[in-house]
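Architecture at a glance
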There are 2 protein chains.
Amino acid sequence: MATKLSAQYLEGFVKPQECEAMAPQVKLAHEALHAGTGLGNDFLGWIKLPTDYDKEEFSRIQKAAKKIQSDTDVFIVIGIGGSYLGARAAIEFLKSPNYNALKKDTPDIYFAGNSISSTALAELIDLCEGKDVSINMISKSGTTTEPAIAFRVFRELLEKKYGKQGARERIYCTTDKAKGTLKKLADEEGYETFVVPDDVGGRFSVLTAVGLLPIAVSGCDIDALMSGARKAQNDFMEPDLNKNDCYKYAALRNILYRKGKEVEVLVSYEPCFTMMNEWWKQLYGESEGKDQKGLFPASVVFSTDLHSMGQFIQDGKRLLFETVVLIDKAKREIVLNEDKDNVDGLNFLAGRSMAYINEKAFEGTVLAHTDGGAPSMVLHMEEATEFELGYLIYFFEKACAVSGYLMGVNPFDQPGVESYKKNMFALLGKPGYENEKAALEARLAK
Amino acid sequence: MATKLSAQYLEGFVKPQECEAMAPQVKLAHEALHAGTGLGNDFLGWIKLPTDYDKEEFSRIQKAAKKIQSDTDVFIVIGIGGSYLGARAAIEFLKSPNYNALKKDTPDIYFAGNSISSTALAELIDLCEGKDVSINMISKSGTTTEPAIAFRVFRELLEKKYGKQGARERIYCTTDKAKGTLKKLADEEGYETFVVPDDVGGRFSVLTAVGLLPIAVSGCDIDALMSGARKAQNDFMEPDLNKNDCYKYAALRNILYRKGKEVEVLVSYEPCFTMMNEWWKQLYGESEGKDQKGLFPASVVFSTDLHSMGQFIQDGKRLLFETVVLIDKAKREIVLNEDKDNVDGLNFLAGRSMAYINEKAFEGTVLAHTDGGAPSMVLHMEEATEFELGYLIYFFEKACAVSGYLMGVNPFDQPGVESYKKNMFALLGKPGYENEKAALEARLAK
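Since this is a predicted model, take the numbers as computed values, not measurements.

A few points about the overall build of chain A
Check the secondary structure of chain A and you find 16 helices and 10 strands. The C-alpha radius of gyration of chain A comes to 23 Å, within 12% of the 22 Å expected for a compact globule of 446 residues. Each of the three principal axes of chain A carries a C-alpha extent, and together these read 65 × 60 × 55 Å. Of all 446 residues assigned to chain A, the portion counted as buried reaches 64%. Once local pairs closer than 6 in sequence are excluded, the contacts in chain A between residues at least 24 apart make up 77%.

Below is the structure:
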């Protein structure tokens, strides 16, 4: 049950002794993580989150979700980075990338405030026309530019539509428990608030209110999601990588990195995993990509991308390995019928399920890529349920922390994200950034 | 007007003499391309396509699009790889990623047959319930597994719903001009057909009927699209890279590759460019990723991914460079209002358009990344119109061909795509592949 790692396709790429050599490093990383003695130890709240979460808030999330389901046609979730990717990924994975288009008795859900595109924002406003709207503003501080802009626009829209008081009942804020602009505003206005815990970084926050409220609004079972994570929390306590698939994954990706495989491609055979790929890319890219180190995280969805990136993976520059997330049981099944004329030559597949064909596509591909010099790891998950997803999320989070320690970085900070912001603020003339402006403009004018 | 390359942010990464050194190689590549003496010279039809296309067929495409707009609620486009990405990318870019959700007087458009996911296919069938449906099957041969499965399912659905005769008027096939399974079936059944030219490979086919019919159905002006490409065809005839931005881009990416920048990240600041990124990844990945060579193509959309991959790009392993596609004029504009309380601290932006803020985000980012050791090229396009897109498509196609020749590969084949197919067919027991089956199964059972 739940995520299992298969390393059989690494044969010829990684020798058993390489894992043996990593075992003591993994044990050290495990101890640093659990003792809280490693880098970034202010941000370890996610480790115990599946058991140690605020049960009262969890009930309020479920209650708020019910209210939103009853009085809302369009639910706008405002946030960027970790305040956006987890919820969207979970909803698309568990429900569908076509969630909004499909018939359902839950609200449409759109994500705003994750870009500075006026075109994208203007379209979301169009989509709200004539609909009952609620919003969830997610920001630790409330001042991150992208969500703050979207919140300003949508708050105005709601207040125009429902009046100040009506809007209050449709605005939900997920933010700091005590301080910051958004918390202050929410308290003054009487918006319902949920908490971004102090010790859980954005990219590790999908199992807090940040992810849970939107996921619950979509009709997913967040209790099952937490149960899955809880099982993973329990399963991955073992310091020995030979008994811990989560740590084994962390070790193997570091082994491959150290021998020059500098790009990790996350692979799925289900289109509904597309945004989970994006969630994973933030988790790993932001955790490891620092101090001029780190595996470059990329992603594909097969079989579509076998007709795109497949050529490169098969036979291009040998700089990559693959990690395949395989879902063993399809959500829905279609069996191919016999066609009496067999014009397309597919009758040899008649009576076969598409899931069976998809499985053979995986098997054929993994062997072809192995032959081509692209090693693969395989993570099996049983099915696309809340429980299994909670398990997978925790698996990836803990593997990421251990992997970062093996890499020799602080997996919990993101100093590089500030660099563009500082420049942008200076160029925009934000008070406090006046000194840098002229120098930056001179460089641009060259 | 139209795509312009800016190389100013390469200062410190590429010396002028490096371009000089490449100029003769570029001239050679240009000559091989135009004389048809290079590798893959059976597939050069795309070069003259913007001037040399079948005008009668073009009119039929426009007529078919009008008919589909008049009698269809949901238009299902069946194809994989190059028979899928170009049309979807163009529609999302020119209309919107939310095209289906937005109010419009053109049909919803969904893409099928680009995976083996039964879940995805079952959902598309649901979305057709109670709607008038037409389909466009796009396949040179008609036997590619993914689209063939979807076509079998949707053809059955249409014949059940409209009868054999009614279905005939709703099935459009884009395929070989004379031979192959799909052409034969279409002729027998009397489906309207359009042509995948013999000398245009899938990833170069968006400006043939492959891309044009779905794009026209969405209400885009395909005349303007071809005009833009025509202008690019004319503009990029100059062999000297100093006078040809398209060749300069090809040269610079090879220069960066040869000094160890092995990943190219295509960057946009507009979410509607997301699928154009995917189109570009196929074009470059499949053209160059062979013989253990090639730039690994990756992509991001900023500013959202500044809060995800941004950390890695700023300060991770220095293996990458960026190519930014910047759209100078936003499709729709939003100006930030003053807020009397200024709770979010955004009043310094009051009166500013989001496009202006987005531009400053780009400027701040490009300087930050330069400082961090990630070089950037910038492609400016004026606005997101059909004309400009046609121009950009041709720019990328021709640059890709020249770049492939500089890399020393055949940019027009994709031998690696066959490897997984052969294995898959053997594992599925396809007639003719019996010999390989047992050996593959033995490897899997280990």
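Read on, since the account is not over.
Looking at the domain arrangement of chain A
Accessible area lost on assembly of the parts is the figure often given for the size of an interface. All names here are of chain A. Domain assignment breaks chain A into domain 1 (2-35 + 224-405) and domain 2 (44-219). Relative to domain 2, the C-alpha centre of domain 1 lies at a distance of 30 Å. Each partner contributes to the interface: domain 1 provides 31 residues, whereas domain 2 provides 28 residues. At the boundary of domain 1 with domain 2, total buried surface from both sides reaches about 2,700 Å², with 71% on carbon and sulfur atoms. Ranking the residues of domain 1 by area buried against domain 2 places Met-226, Met-275 and Glu-397 at the top, with a combined share of 25%. Joining domain 1 to domain 2, the criterion identifies one salt bridge. In this structure, the salt-bridge partner of Glu-286 is Arg-203, at a minimum N-O distance of 3.1 Å. Counting across the domain 1 and domain 2 interface gives nine residue pairs in polar contact (both at pLDDT 80 or more). Looking at the side of domain 1 that touches domain 2, the elements with two or more residues in it are α1 (16-35), α9 (222-235), α11 (274-288) and α14 (386-407). Split into classes, the residues belonging to the side of domain 1 that touches domain 2 amount to 18 nonpolar, five polar and eight charged.

Looking at α14(A)
Residues and elements named next belong to chain A. Relative to the 32 Å expected for 22 residues at 1.5 Å per residue, α14 spans 31 Å between its end C-alpha atoms, a close match to the ideal helical length. Counting buried positions along α14 gives 21 out of 22 residues, so the element sits mostly inside the fold. In the segment just after α14, Gly-408 is the residue with positive phi, at about 85°.

Considering the interface of chain A and chain B
Contacts between the two partners involve 129 residues from chain A, matched on the other side by 130 residues from chain B. For the pair chain A and chain B, the summed buried area comes to about 11,000 Å², and 60% of that belongs to carbon and sulfur atoms. The tally of links between chain A and chain B comes to 12 salt bridges. Arg152(B) is paired through a salt bridge with Asp344(A); the nearest N and O atoms lie 2.8 Å apart. Our count for the chain A to chain B interface comes out at 50 residue pairs in polar contact (both at pLDDT 80 or more). Among the elements that take part in the side of chain A that touches chain B, helix α13 (residues 354-372) of chain A stands out by supplying 14 residues, more than any other.

Topic: the sheet that holds strand β6 (residues 192-195) of chain A
All names here are of chain A. With parallel pairing, five strands are arranged side by side in an open sheet as β3-β2-β4-β5-β6. Only two strands of the sheet have a single neighbouring strand rather than two, namely β3 (108-112) and β6. When the angles between neighbouring strand axes are averaged without regard to direction, this sheet yields 20°. Inspection of the sheet shows strand β2 (residues 74-78) paired to strand β4 (residues 133-138) by five bridges, in the parallel sense. Within the sheet, the bridge partner assigned to Ile-78 lies in β4 and is Met-137. Set on the sheet, helix α6 (residues 145-168) makes contact with β2, β3, β4 and β5 (171-175); between it and β4 the angle comes to about 140°.

Things to note about the UniProt feature "active site" (unreviewed entry) in chain A
The UniProt feature table records "active site" (unreviewed entry) at Glu286(A) and Lys421(A). With a relative accessible area of 5%, Glu286(A) lands in the buried category. Beyond its immediate sequence surroundings of up to four residues, Glu286(A) is in contact with Arg203(A), Lys281(A), Asp413(A), Gln414(A), Val417(A), His307(B), Ser308(B) and Gln311(B). Of the polar contacts made by the side chain of Glu286(A), one reaches the side chain of Arg203(A); its length is 3.1 Å. Relative to the helices and strands, Lys421(A) resides in helix α15 (residues 416-427). Residue class for Lys421(A) comes out buried when judged on its relative accessible area of 17%.

Considerations on the relation of the copies chain A and chain B
With an RMSD of 0.0 Å, the fit of chain A onto chain B corresponds to turning through 180° and sliding 0.0 Å along the axis. With respect to symmetry, the two chain copies, as superposed, fit the operation of a two-fold axis. Of the interface residues in chain A, 100% have counterparts in chain B that sit at the interface too, so the contact is made through matching surfaces.

Examining the sheet that holds strand β4 (residues 133-138) of chain B
Residue and element names in this part refer to chain B. One open sheet accounts for five strands, arranged β3-β2-β4-β5-β6; its pairing is parallel. Of all the strands in the sheet, just β3 (108-112) and β6 (192-195) have a single pairing partner and so form its edges. Between one strand axis and the next, the sheet turns through 20° on average, direction left out of account. Pairing of strand β5 (residues 171-175) with β6, which is carried by four bridges, proceeds in the parallel orientation. Paired with Tyr-172 across the bridge in β6 is Glu-192. Across the sheet, helix α3 (residues 55-71) touches β2 (74-78), β4, β5 and β6, and the angle it forms with β6 is around 135°. The strands touched by helix α6 (residues 145-168) are β2, β3, β4 and β5; relative to β4, the strand with the most contacts, the crossing angle is about 140°.

Remarks on the packing of aromatic side chains
According to the stated counting rule, one finds 44 aromatic pairs over all chains in the structure shown. Aromatic pair Tyr269(A) and Phe362(A): ring centres 5.9 Å apart, planes at 85°, arrangement edge-to-face. Of the two residues, Tyr269(A) is situated in the loop between β7 (263-268) and α11 and Phe362(A) in helix α13; the sequence distance between them amounts to 93 residues. For the pair shown, Tyr269(A) and Phe362(A) are each scored as buried. Here Phe236(B) and Tyr391(B) contribute two aromatic rings whose centre-to-centre distance is 5.4 Å and whose plane-to-plane angle is 65°, an arrangement assigned as edge-to-face. Highlighted residues: Phe236(B) in the loop between α9 (222-235) and α10 (245-258) and Tyr391(B) in helix α14 (residues 386-407), separated in sequence by 155 residues. Each member of the pair, Phe236(B) as well as Tyr391(B), carries the same accessibility label: buried. An aromatic cluster is defined as three or more aromatic residues linked by ring pairs; in this entry it consists of Phe236(A), Tyr249(A), Trp279(A), Trp280(A), Tyr284(A), Tyr391(A), Phe395(A) and Phe396(A). For Arg170(B), the ring lying beneath its charged end belongs to Tyr162(B), and the centroid distance is 4.4 Å.

A few points about the pattern of salt bridges
Evaluation of the coordinates by the stated rule reveals 72 salt bridges over all chains. Here Glu189(A) and Lys164(A) are joined by a salt bridge, their closest N and O atoms 3.1 Å apart. Note that Glu189(A) is positioned in helix α7 (residues 181-189) and Lys164(A) in helix α6, a separation of 25 residues in sequence. Look at Lys164(A) and you get partly exposed, because its relative accessible area is 40%. Connected through shared salt-bridge partners, Arg155(A), Glu159(A), Lys164(A), Arg168(A), Glu189(A) and Asp339(B) make up one network.

Some thoughts on the pairing of β2(A)
All names here are of chain A. Counting buried positions over the five residues of β2 gives five, a clear majority of the element. Judged by which residues are buried, β2 turns out to be covered on both faces: Val-74, Ile-76 and Ile-78 on one side and Phe-75 and Val-77 on the other are all buried. Examined bridge by bridge, β2 and β3 share five bridges and lie parallel to one another. Across the sheet, the residue bridging to Phe-75 is Ile-109, located in β3. For the handedness criterion, the β-α-β arrangement of β2, helix α4 (residues 85-94) and β3 is classed as right-handed.

About the thresholds
The numbers attached to residues start from 1 for each chain and follow its sequence in the written order. Both sets of labels track the order of writing: A upward for chains, 1 upward for ligands. Only residues with pLDDT of at least 70 get local features here, since the model is predicted, and only at 80 or more are side-chain atom pairs given and counted; chain-wide, interface and lining totals rely on the full set of residues. Each side-chain value is worked out from all heavy atoms of the structure, with water and hydrogens disregarded. Numbering of helices and strands starts at the N terminus; helices are DSSP runs of H or I of at least 4 residues and strands are runs of E of at least 2. Values of the radius of gyration come from C-alpha atoms, whereas the globule rule sets the reference at 2.2 Å times the count of residues to the power 0.38. Each residue is placed in one exposure class: buried if its accessible area under a 1.4 Å probe, protein chains only, is under 20% of its type's maximum, exposed if it is over 50%, and partly exposed if it falls in between. Whether two residues are in contact is decided by their heavy atoms: any pair within 4.5 Å suffices. Those domain boundaries reflect an automatic or database domain assignment. By convention, the term buried area covers the 1.4 Å-probe accessible surface removed from two parts as they join, with the contributions of both added. Throughout this description, the term salt bridge denotes a Lys or Arg side-chain nitrogen within 4 Å of a carboxyl oxygen of Asp or Glu. The term polar contact refers here to a pair of N or O atoms within 3.5 Å; inside protein, the definition further demands a hydrogen-donor-capable atom paired with an acceptor-capable atom, and it admits residues adjacent in sequence only when both atoms are side-chain atoms. Amino acid classes used here: Ala, Val, Leu, Ile, Met, Phe, Trp, Tyr, Cys and Pro are nonpolar; Asp, Glu, Lys and Arg are charged; the rest, including Gly, are polar. One less than the residue count of a helix, multiplied by 1.5 Å, gives the span that helix is expected to have. Strand pairing requires that DSSP identify at least two bridges connecting the strands. Between N-to-C directions, angles cover 0 to 180 degrees, with each direction set by a line fitted to C-alpha atoms, over the stretch in contact for helices. UniProt positions are given in the numbering used here, feature names are shortened, and annotations may be inferred rather than shown by experiment. A residue counts toward the fit only if its pLDDT is at least 70 in both copies, and the copies are then superposed by least squares on the C-alpha atoms of those residues. Whether two aromatic rings pair depends on their centres lying within 6.5 Å, for rings of Phe, Tyr and Trp, where Trp uses its six-membered ring; planes under 30 degrees apart make the pair stacked, over 60 edge-to-face, and the rest tilted. Comment: the charge-over-ring label is applied if NZ (Lys) or CZ (Arg) is within 6 Å of the ring centre and within 35 degrees of the ring normal. With its strands directed away from the observer, a crossover is right-handed exactly when the path from the first strand over the helix to the second travels clockwise.

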